[in-house]
Amino acid sequence: MFNKQDSALVQFADTIQAHTAMMNLDKLKLWGKLIKITPSKHVNVQMPKEGQPDAGLTKDYTNSPLHRFKKPHSKNYNNIFPPSTTLHLSNIPSTSKEKLVELFGKHGSVIGFKFFQKDCKMALLQMSSVEEAAIALIAMHNYQLAETCHLRVSFSKSSVIPQGQEVEQPTYDG
């Protein structure tokens, strides 16, 4: 595995999380390549022994701020959706729609945006493709918008633009 630069082993906390990742991410196009996900014959990812070099190839995300599913039975488990063009943004501090569209526009074409009516700390943002949305999620999840505020980004089952409605692309340019 060490010599396969385009491969990785990912260990999940449980089989449900692993299955969900496989179902949602297999055949996702990312940076022009299709991701292929299959179960591994390896039961655990071996962390390098202390002092043993690994060229930075092995990481433990157990306590990472990027880990959204640390808490068992968290309501976040109910909000895991397959990749889509629409991203759900949460933990938004006081900021403008234009600022968020500009930030996400660095990762593709933003074609729609709306704050939640009852809670301006959440919004939906729609990119022009699933690949752009995935790249934006990778880049912007946990992005520091304010001194003590990090953006949370996930895929959404909702859409900003009603289905069947034509959109001139791009509506917003980043």
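This one's a predicted model, so the numbers in the text were calculated from it and none came from an experiment.

Visitor: Teacher, can you tell me more about the sheet that holds strand β5 (residues 123-127) here?
Guide: In sheet architecture, strand pairing relies on hydrogen bonds along the backbone and comes in two forms, parallel and antiparallel. Pairing in this open sheet of four strands is antiparallel, and the strands run β4-β5-β3-β8 from one edge to the other. The sheet terminates laterally at β4 (110-115) and β8 (152-155), the two strands that pair on one side only. Neighbour to neighbour, the strand axes of the sheet diverge by 20° on average, direction disregarded. Where strand β3 (residues 86-90) meets β5, four bridges bridge the pair, whose relative direction is antiparallel. Along β5, the bridge assignment pairs His88 with Leu124. Strands in contact with helix α3 (residues 130-140) are β3, β5 and β8; relative to β8, the strand with the most contacts, it is inclined by about 155°.

Visitor: Honestly, the side chain of His88 in this entry has me stumped. Any pointers?
Guide: You can see His88 is positioned in strand β3. If sequence neighbours within four positions are ignored, His88 has contacts with Phe116, Met122, Ala123, Leu124, Arg152, Val153, Ser154, Phe155 and Ser156.

Visitor: Is there a simple way to explain the pattern of salt bridges in this structure?
Guide: Close approach of charged atoms allows side chains with opposite charge to pair. Within the structure shown, the criterion is met by one salt bridge. Of the charged contacts in the structure, one is a salt bridge between Asp26 and Lys27, with a shortest N-O distance of 3.2 Å. Among the residues examined, Lys27 registers a relative accessible area of 60% and is labelled exposed.

Visitor: Help me understand the side chain of Ser90 in this model?
Guide: Summarising the element assignment, Ser90 is placed in strand β3. By relative accessible area, Ser90 is classed as buried at 18%. Setting aside anything within four residues of it in sequence, one finds Ser90 in contact with Lys121, Met122, Leu151 and Arg152.

Visitor: Sorry, what's going on with the packing of aromatic side chains here?
Guide: Note on aromatic pairs: each is described by the distance of the centres and the angle between the planes. All chains considered together, the criterion is met by one aromatic pair. Note on Phe113 and Phe115: the rings are 5.0 Å apart at their centroids and 85° apart in plane angle, and the pair reads as edge-to-face.

Visitor: Just to check I follow, could you spell out the nonpolar core for this structure?
Guide: Buried together is how nonpolar side chains tend to be arranged in soluble globular proteins. Within the largest apolar cluster, 23 residues are counted, with the highest numbers of intra-cluster contacts made by Leu87, Leu89, Phe104, Leu125, Met127 and Val153. Residue assignment for this core shows that the elements contributing at least two residues are β3, α2 (97-105), β4, β5, α3 and β8. Counting residues per element, this core draws most heavily on α3, at six residues. Those residues in contact with Met127 that lie beyond four places of it in its chain are Thr85, Leu87, Phe104, His107, Gly108, Ser109, Val110, Ile111, Glu132, Ala133 and Ala136.

Visitor: It is not clear to me how the environment of Tyr61 should be interpreted in this structure. Could you clarify?
Guide: Looking at the secondary structure, you find Tyr61 in the loop between β2 (33-34) and β3. Once the C-alpha coordinates of Tyr61 and Gln11 are considered, the two residues, 50 residues apart in sequence, prove to be 9.8 Å apart.

Visitor: Would you mind showing me how to read α3 here?
Guide: Each full turn of the α-helix corresponds to 3.6 residues, which orients residues three or four apart in the same direction. Among all positions of α3, only Ala133, Ala134, Ile135, Ala136, Leu137 and Met140 are buried. Of the surrounding secondary structure, the elements contacted by the buried residues of α3 are β1 (29-30), β3, α2, β5 and β8. Backbone geometry just downstream of α3 places Asn142 in the positive-phi region, at approximately 70°.

Visitor: Before we go on, may I ask you to explain the environment of His107 in this structure?
Guide: Structurally, His107 is set in the loop between α2 and β4. For His107, a relative accessible area of 25% corresponds to the partly exposed category. For His107 and Ile138, which are 31 residues apart along the polypeptide, the C-alpha to C-alpha distance reads 9.8 Å. Beyond its immediate chain neighbours, meaning those up to four positions away, His107 contacts Met127, Glu132, Ile135, Ala136, Ala139 and Met140.

Visitor: Quick question: what am I supposed to make of the confidence of the model for the chain here?
Guide: Caution is warranted with low-pLDDT regions, since their predicted coordinates should not be read in detail. In this model, the chain carries a mean pLDDT of 83, and residues with pLDDT of at least 70 account for 84%. α3 holds the highest mean pLDDT among the elements of the chain, 96, whereas strand β7 (residues 149-150) holds the lowest, 86. Scored below 50 in pLDDT, residues 167-174 shows 16 contacts in the model against residues more than four places distant or in partner chains.

Conventions used here
Residues numbered from 1 in each chain as written. Predicted model: local features only at pLDDT ≥ 70, side-chain atom pairs only at ≥ 80, totals over all residues. Heavy atoms only, no water. Pairing = 2+ DSSP bridges. Helix = DSSP H or I, 4+ residues; strand = E, 2+ residues; numbered from the N terminus. Axes fitted to C-alpha atoms, helices over the stretch in contact; angles between N-to-C directions. Contact = heavy atoms within 4.5 Å. Salt bridge = Lys/Arg side-chain N within 4 Å of Asp/Glu carboxyl O. Buried < 20%, exposed > 50% of the residue type's maximum accessible area, 1.4 Å probe, protein only. Phe/Tyr/Trp six-rings, centres within 6.5 Å; stacked < 30°, edge-to-face > 60°. Core = buried A, V, L, I, M, F, W, Y, C linked by side-chain atoms within 4.5 Å. pLDDT = per-residue confidence, 0-100.

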